Amino acid sequence: ALLRRKLGLCTVIYDFSDKTKNAKEKEMKQQTLLEILGYISSAGAGQINSHFVLEVFFRMISVNIFRGLPFPIAINTPSFPALDELIDELCLEPSWQHLQYVYECLLQYLDSKELNAKVAKRYIDQSFVLQLLDLFDTEDPREREHLKMVLHRIYSKFMVHRPFIRKAINNIFYRFVFESENHNGTGELLEILASIINGFALPLKEEHQLFLSKTLIPLHKPRSLASYHQQLSYCVVLFVERSPTLAVVVIRGLIKYWPLTNSQKEVLMLMELEEVLEVTHSAEFRTCMVPLFKKIEHSLTSMHYEVSEASCVNKCFNPWMRSFAFT
């Protein structure tokens, strides 16, 4: 009963736009959240597995973290140090001092060995997962990191939600690539997908192969590729390592989305191509080497020195591939 009362107190939301407003109440809520976190850490999920407590626990979680994200701020003015600091401050969530402990409470519950998935799935349903995924667009990297950990644990412990989570992430990427071209959490979502891809059974199902060709490959199209390219390249290489025949799909896809005027993206694509070719077998390489070498030839003659250097045959290909190139 005392835990329910303390959880109920933490459902009150305060305005953090003014640091002096409700300062005492904010401090009391923070201390209460710390007490709840300490209790869950020491007592484990077994003490809150009953519907009597879980109902209030997830109400507290939902009220605090599920909220409308601020519209991205675009300031079309010259860059000044003071202005840059102001923009960085605006990007951070002002209520993080409370949100951090709310996320930690949820993580402690999900990490507990006493977690009862059959009871918890009444509260961690598809609606809950969708609202979590919507929050990945937050500009605060601290919150995105916590969201990544929460979603990863939900995926690992609630098997019933796995197909739904993959489909929901798919839809986020579709909207990002073909509509908005703006999403802050693309890198974090790709990190989650990397661990999911590692767990795919072999041979790969058709839906997983379609995910590579219809979702991951088109992610090379947006102008903001540099912000998540490392995670995307890792996912693509994982697919080729697990199923070498997909190398043809990847190479032809990279050629399709090859940038025409963006030298930074072209360097990134060449770096990714180098990693893909390192795990590509000769049979797959032969089927796409002609269009590939034409693209490499075009990059070699680029006026941008980084592009021409990155496209060097000696750098991009292993010995047996270089023999094809010179032949």
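For the structure, see preceding data.
Below is a short write-up of the structure. (Residues numbered from 1 in each chain as written. Predicted model: local features only at pLDDT ≥ 70, side-chain atom pairs only at ≥ 80, totals over all residues. Heavy atoms only, no water.)

1. Some thoughts on the nonpolar core
Phe-57, Ile-154 and Leu-216 are the most contacted members of the largest nonpolar core, which totals 95 residues. Each residue touching Ile-154, except ones within four places of it in the same chain, is listed here: Leu-110, Ile-124, Phe-128, Val-129, Leu-132, His-161 and Ile-165. (Core = buried A, V, L, I, M, F, W, Y, C linked by side-chain atoms within 4.5 Å. Buried < 20%, exposed > 50% of the residue type's maximum accessible area, 1.4 Å probe, protein only. Contact = heavy atoms within 4.5 Å.)

2. Concerning the packing of aromatic side chains
For the coordinates displayed, the defined rule picks out 12 aromatic pairs. Seen in terms of ring centroids, Phe-58 and Tyr-109 are 5.8 Å apart; in terms of plane orientation they differ by 85°. Their pairing is edge-to-face. Residue Phe-58 is located in helix 3 (residues 51–65), and its partner Tyr-109 is located in helix 5 (residues 96–111); the two are separated by 51 residues in the primary sequence. Of the two residues, Phe-58 and Tyr-109, both sit in the buried class. Between Tyr-174 and Phe-178, the aromatic rings sit 6.4 Å apart at their centres with planes inclined by 40°, giving tilted as the arrangement. Taken together, the residues span about one helical turn, with Tyr-174 and Phe-178 both in helix 9 (residues 162–180) at a distance of four residues. A relative accessible area of 30% means that Tyr-174 is categorised as partly exposed. Ring pairing ties together the aromatic residues Phe-57, Phe-58, Phe-66, Tyr-109, Tyr-123 and Phe-128, which thus form one cluster. One residue, Arg-4, lies across the ring of Phe-52, its end atom 4.2 Å from the ring centre. Seen from the ring of Phe-16, Lys-26 lies directly overhead, with NZ or CZ sitting 4.5 Å from the centre. (Phe/Tyr/Trp six-rings, centres within 6.5 Å; stacked < 30°, edge-to-face > 60°. Helix = DSSP H or I, 4+ residues; strand = E, 2+ residues; numbered from the N terminus. Lys NZ or Arg CZ within 6 Å of the ring centre and 35° of its normal.)

3. Here's the deal with the side chain of Thr-138
Tracing the sequence through the fold places Thr-138 in the loop between helix 7 (126–134) and helix 8 (141–157). Residue Thr-138 is classed as buried on the basis of its relative accessible area, which comes to 5%. If we skip the residues at most four places from it in the chain, Thr-138 touches Leu-69, Glu-143, Arg-144, Leu-147 and Asn-184.

4. Observations concerning the packing of helix 8 against helix 9
It is at 9 Å that the axes of helix 8 and helix 9 come closest, and there the two elements cross at 140°. With respect to helix 9, the axis of helix 8 lies oblique. Contact residues: Leu-151, Ile-154, Tyr-155 and Ser-156 in helix 8; Arg-162, Ile-165, Arg-166 and Ile-169 in helix 9. For the contact of helix 8 with helix 9, the class distribution of residues is five nonpolar, one polar and two charged. (Axes fitted to C-alpha atoms, helices over the stretch in contact; angles between N-to-C directions. Parallel < 35°, antiparallel > 145°, perpendicular 65-115°, else oblique. Nonpolar A, V, L, I, M, F, W, Y, C, P; charged D, E, K, R; others polar.)

5. Brief notes about the pattern of salt bridges
Tallied over the full model, the rule gives 12 salt bridges. With its nearest N and O atoms 4.0 Å apart, the salt bridge here joins Lys-21 to Asp-15. Under the relative-accessibility criterion, Asp-15 is labelled partly exposed at 33%. A salt bridge links Glu-143 to Arg-67; the shortest N-O distance between them is 2.6 Å. Taken as a pair, Glu-143 in helix 8 and Arg-67 in the loop between helix 3 and helix 4 (81–91) lie far apart in primary sequence, 76 residues in all. For Glu-143, a relative accessible area of 0% corresponds to the buried category. A relative accessible area of 24% places Arg-67 in the partly exposed class. (Salt bridge = Lys/Arg side-chain N within 4 Å of Asp/Glu carboxyl O.)

6. A word on helix 13 (residues 247–256)
Among the residues of helix 13, those classed as buried are Ala-247, Val-250, Ile-251, Gly-253 and Leu-254. Taken around the axis of helix 13, the buried residues stretch over an arc of 160°, which confines them to a single face. Elements in contact with the buried residues of helix 13: helix 11 (206–216), helix 12 (229–242), helix 14 (263–278) and helix 15 (282–300). (Arc of directions from axis to C-beta.)

7. What about the packing of helix 13 against helix 15?
Running from amino to carboxyl end, helix 13 crosses helix 15 at an angle of 15°, the nearest separation of the two axes being 9 Å. In terms of orientation, helix 13 lies roughly parallel with respect to helix 15. The way helix 13 lies across helix 15 gives a crossing that is left-handed. The residues of helix 15 that touch helix 13, namely those facing Ala-247, Val-248, Ile-251, Arg-252 and Ile-255, are Glu-284, Thr-287, Cys-288, Pro-291, Leu-292 and Lys-295. (Left-handed = near helix turned anticlockwise from the far one by under 90°.)

Scope: geometric values only; no functional claims are made or implied.
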